[in-house]
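# Structure at a glance
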Amino acid sequence: MFRSTTGADLGAVLSFSSPGPGPWVDALQFLAGQDAGNYRDEWTWLAFLDGRPLARGIWWGPASSSHPTRLDCLLVDPSVPHPEVWSGALVRSATRAFIEAGSPLLPEEAPVPRPAVVSTRRL
């Protein structure tokens, strides 16, 4: 299942981490971005399988914007076979929702980071 997050998903959103040097949004950055209005629940998406979060996408937008403008972070759990399938489906699901909400610019048109494989270690 792919869906945007709610406040109840904060623990799942913050549980992802990345061992690599690539760009990713850590817990402190995410919380600061939420406080600033640049990261929002409706712009943060999770992929679940049997209730377990397997992938996370975080889109950024100006605090004054109704829609996100870029994908800041895309992470997939390393235990998942074919992470590119999960990350692609998550991005497509979110993009479809953004379009349905009236987004004039598809966030995927901005430079998109490659999906990172995350550590199984949780915060």
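Just so it is clear, the structure is predicted and the values come from calculations on it, not from any experiment.

About the cut-offs
- Residues numbered from 1 in each chain as written.
- Predicted model: local features only at pLDDT ≥ 70, side-chain atom pairs only at ≥ 80, totals over all residues.
- Heavy atoms only, no water.
- Helix = DSSP H or I, 4+ residues; strand = E, 2+ residues; numbered from the N terminus.
- Buried < 20%, exposed > 50% of the residue type's maximum accessible area, 1.4 Å probe, protein only.
- Contact = heavy atoms within 4.5 Å.
- Areas by Shrake-Rupley, 256 points an atom, 1.4 Å probe, with all protein chains shown as cover.
- Core = buried A, V, L, I, M, F, W, Y, C linked by side-chain atoms within 4.5 Å.
- Expected span 1.5 Å × (residues − 1).
- Arc of directions from axis to C-beta.
- Polar contact = N/O pair within 3.5 Å; in protein donor to acceptor, adjacent residues only side chain to side chain.
- Pairing = 2+ DSSP bridges.
- pLDDT = per-residue confidence, 0-100.
- Phe/Tyr/Trp six-rings, centres within 6.5 Å; stacked < 30°, edge-to-face > 60°.

## Points about the overall build of the chain
A tally of helices and strands in the chain yields 3 helices and 5 strands. Along the chain direction, N to C, the helices and strands of the chain fall in the order β-α-α-β-β-β-α-β. Put simply, the chain has 123 residues, and 48% of those count as buried. Considering only contacts within the chain whose residues lie at least 6 apart along the sequence, 62% involve residues at least 24 apart. Total accessible area computed for the chain in this model is approximately 6300 Å², and 58% of it derives from carbon and sulfur atoms.

## Overview of the nonpolar core
Nonpolar side chains tend to gather and get buried jointly when the protein is soluble and globular. Counting residues in hydrophobic clusters, the biggest one holds 15 residues, and the most contacted among them are Trp45, Trp59, Trp86, Leu90 and Phe98. Of all the elements, helix H3 (residues 83-100) adds the most residues to this core, at 5 residues. Formed by 13 residues, the second largest nonpolar core is a distinct cluster that contains Leu14, Ala27, Phe30 and Phe48.

## Things to note about H3
Along its 18 residues, H3 runs 26 Å from first to last C-alpha, staying within 8% of the 26 Å computed at 1.5 Å per residue. Of the surrounding secondary structure, the elements contacted by the buried residues of H3 are strand S1 (2-4), strand S2 (44-49), strand S3 (52-60) and strand S4 (70-76). After H3 finishes, the residue Gly102 shows a positive phi value of roughly 95°.

## Comments concerning helix H2 (residues 27-36)
Residues Ala27, Phe30 and Gly33 constitute the buried set of H2. Each buried residue of H2 lies within a common arc of 130° when the element is viewed along its axis, so the set occupies one face. Opposite its buried face, H2 presents the exposed residues Leu28 and Asp35, each directed more than 90 degrees away. As for H2, its buried residues are in contact with helix H1 (10-14), S2 and S3. Residue Asp26 occupies the N-cap position of H2, its side-chain oxygen lying 3.1 Å from the main-chain nitrogen of Leu28. Downstream of H2 by one or two residues, Gly37 has phi in the positive range, about 85°.

## Thoughts on the pairing of S2
Among the 6 residues that make up S2, 5 are buried, leaving the element largely enclosed by the rest of the structure. Bridge analysis of S2 against S3 gives 6 bridges, and the strand direction is antiparallel. The residue of S3 that forms the bridge with Phe48 is Pro53. Between the antiparallel neighbours S2 and S3 lie 2 residues, among them Asp50 with a positive phi of about 55°.

## Focus on the confidence of the model for the chain
On average, residues of the chain score 86 in pLDDT, and 85% of them are at 70 or above. Counted against residues more than four places away or in other chains, residues 108-123, with its pLDDT under 50, gives 44 contacts.

## Observations regarding the packing of aromatic side chains
How two aromatic rings sit relative to each other is given by the distance of their centres and the angle of their planes. Per the counting criterion, the structure on display carries 3 aromatic pairs. Considering the side-chain rings of Phe2 and Trp86, the 5.9 Å spacing of their centres and the 50° angle between planes classify their relative orientation as tilted. With Phe2 in strand S1 and Trp86 in helix H3, the pair connects residues that are 84 residues apart, well separated along the chain. By relative accessible area, Phe2 is classed as partly exposed at 27%. Accessibility expressed as a relative area gives 18% for Trp86, which makes it buried. Ring centres of Phe30 and Tyr39 lie 5.7 Å apart, and the angle between their planes is 10°; this geometry places the pair in the stacked category.

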